[in-house]
Amino acid sequence: MPQKSLQDRLAILADAAKYDASCASSGAGNRNALKDKGIGSTEGMGICHAYAPDGRCISLLKILLTNACIYDCAYCINRVSSNVERASFTPAEVADLTMAFYRRNYIEGLFLSSGIIRTSDYTMELMLEAVRLLRTEHRFSGYVHLKTIPECSPELMSEAGRLADRLSINVELPTRAGLKQLAPEKDETTIRTAMGHVRSRIEDAKDARRDRTLRRAKPPRFAPGGQSTQMIVGADTASDAAILTTSATLYAGYGLRRVYYSAFSPIPAPSAVLPLKAPPLQREHRLYQADWLHRFYGFEMPEIEAATTGGMLDLDIDPKLAWALRNRHVFPVDVNKADREMLLRIPGIGTTAVKAILKTRRHRSLRLDDLSKMTRALKRALPFLVAADWRPTQMLDAAGLEASLRPPKQMELFDAP
């Protein structure tokens, strides 16, 4: 069989990488192509976009080293029993492709993952060789995100942290039962142990940078962008409450920068244990919103879970509004007096708006006109706040409040008028 061209393999392996959602760039450095009169691009196979905390959009070459795999995870299109077209890159090809895209100013970094071939250590060695070539021969200082293999040796994981800006280890599924059913060759204990090793090394590197006695020596580098993980939503029977409980455990136990939620997507020739259709994408969106409430708004996971119905987040309204409707006794909140924690609990008021509220009210009392300039969701917030010229009177106790805040139902094609 003739060898596939580089372009054909790029098409196959970039498409195979699209199922991996855990692609973030918050560990990237500050580079601006404008100073070199460069031109960015939103085109090209394998180019994805991620966002840094400062809002910068960062383009990454997102590919697999190979889509061949010895594992037979039921939810994975690249499982060993799948009949998908297979392809592989050599480490040198990965490095050369990255530099070719980078020199054309199409990308600012690399996201590299892989199926497992031969053994975990063998596959990890190949991935590390690609990054070694980038860092040493090509002297590439750009962002590198490595999807690591939890079963590989600690020595290889340590080298991965020295070479990459961010590491990620997928927990795959939110529960041990789901993992056992759909990916029996993977082990939750092995995954958690590897994540713990990465956290320990990241903290050691941070401690070394803080240690004044090491000021003269360059401190060791280890995954400065931290670690992340991904779990698949909707492939098993785990509820949103179970998913969020797992996320809270991962954040607390392993210092993760991010948990990614990837809605299960039906694949060709699926296993009989998989659901026949994908979960609604809105479910994935609600999980991200709940995740942000926990990470940035001061909500505890039990509070969010208490606002679910049967363990499932409401698909029609966001989790903060669902919580507020079930906790009307804590409202209305006076925007001119409340502390930051309570301001963040008002539906429709985000972190940026709260910052503006706290800054502005030092000089004058806030009125509705002021708030309308700080948030585009003022209508949603009105029943839950008090301003200098606004008091919601009986709105909170109105029987139809929840219905008025829900979006109108879109009629199906064959619904009666």
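Structure: see above.
Let me sum up the structure you'll find in this document. (Residues numbered from 1 in each chain as written. Predicted model: local features only at pLDDT ≥ 70, side-chain atom pairs only at ≥ 80, totals over all residues. Heavy atoms only, no water.)

### Observations regarding the side chain of Ser82
Point 1. As for its position among the elements, Ser82 is in the loop between strand 2 (57-64) and helix 2 (91-103).
Point 2. Among the residues examined, Ser82 registers a relative accessible area of 10% and is labelled buried.
Point 3. Within the structure, Ser82 has its side chain in polar contact with the backbone oxygen of Ile77 (distance 2.8 Å).
Point 4. A polar contact of 3.4 Å, which involves the side chain of Ser82, links it to the backbone nitrogen of Val84. (Helix = DSSP H or I, 4+ residues; strand = E, 2+ residues; numbered from the N terminus. Buried < 20%, exposed > 50% of the residue type's maximum accessible area, 1.4 Å probe, protein only. Polar contact = N/O pair within 3.5 Å; in protein donor to acceptor, adjacent residues only side chain to side chain.)

### Re the environment of Thr229
Point 1. With respect to the helices and strands, Thr229 occurs in strand 6 (residues 227-233).
Point 2. Relative accessible area serves as the criterion here: at 0%, Thr229 is assigned to the buried category.
Point 3. Spatially, the C-alpha atom of Thr229 lies 9.0 Å from that of Lys147, the residues being 82 residues apart in sequence.
Point 4. A distance of 2.5 Å separates the side chain of Thr229 from the backbone oxygen of Ile169, its partner in a polar contact.

### Some words on the pairing of strand 4 (residues 143-147)
Point 1. Taking burial as the measure, the 5 residues of strand 4 include 5 buried ones, the bulk of the element.
Point 2. Note that the unit made of strand 3 (residues 109-113), helix 3 (residues 120-136) and strand 4 has a crossover that is right-handed.
Point 3. Handedness of the crossover is the feature at issue here: the chain leaves strand 4, passes through helix 4 (residues 154-163), returns alongside strand 5 (residues 166-168), and the resulting connection is right-handed. (Right-handed = clockwise from strand over helix to strand, strands pointing away.)

### Describing the packing of aromatic side chains
Point 1. Inspection of the entire model under this criterion finds 7 aromatic pairs.
Point 2. With a centroid separation of 6.0 Å and 70° between ring planes, the pair formed by Phe101 and Tyr106 is classed as edge-to-face.
Point 3. Accessibility expressed as a relative area gives 10% for Phe101, which makes it buried.
Point 4. On the numbers, 6.1 Å between centres and 80° between planes, the contact of Trp323 with Phe331 is edge-to-face.
Point 5. Overall, Phe331 belongs to the buried group, its relative accessible area being 7%.
Point 6. Members of the aromatic cluster, connected to one another through ring pairs, are Phe299, Trp323, Phe331 and Phe384.
Point 7. It is Lys62 that lies over the ring of Phe111; its NZ or CZ is 5.6 Å from the centre.
Point 8. One cation-aromatic arrangement involves Arg345 over Trp323; the distance from NZ or CZ to the ring centre is 4.9 Å. (Phe/Tyr/Trp six-rings, centres within 6.5 Å; stacked < 30°, edge-to-face > 60°. Lys NZ or Arg CZ within 6 Å of the ring centre and 35° of its normal.)

### With respect to the pairing of strand 3
Point 1. Where burial is concerned, most of strand 3 is hidden: 5 out of the 5 residues are buried.
Point 2. What you see with strand 3 is no split at all: Gly109, Phe111 and Ser113 on one side and Leu110 and Leu112 on the other are buried throughout.
Point 3. A crossover connection joins strand 2 to the parallel strand 3 through helix 2; in handedness this β-α-β unit is right-handed.
Point 4. Relative to strand 4, strand 3 runs parallel, the two sharing 4 bridges. From the neighbouring strand, Leu112 faces strand 4, where its bridge partner is Leu146. (Pairing = 2+ DSSP bridges.)

### Some remarks on the nonpolar core
Soluble globular proteins tend to bury their nonpolar side chains together.
Point 1. Core analysis: the biggest nonpolar cluster contains 114 residues, and Tyr75, Leu146, Ile346 and Phe384 have the highest contact counts within it.
Point 2. In terms of residues, this core owes the most to one element, helix 3, which gives 7 residues.
Point 3. In this structure, Tyr75 is in contact with Glu172, Leu173, Leu182, Ala183, Lys186, Ile232, Ala235, Phe264, Ile267 and Leu274, ignoring residues within four places of it in sequence. (Core = buried A, V, L, I, M, F, W, Y, C linked by side-chain atoms within 4.5 Å. Contact = heavy atoms within 4.5 Å.)

Coordinates in, geometry out; function isn't part of it.
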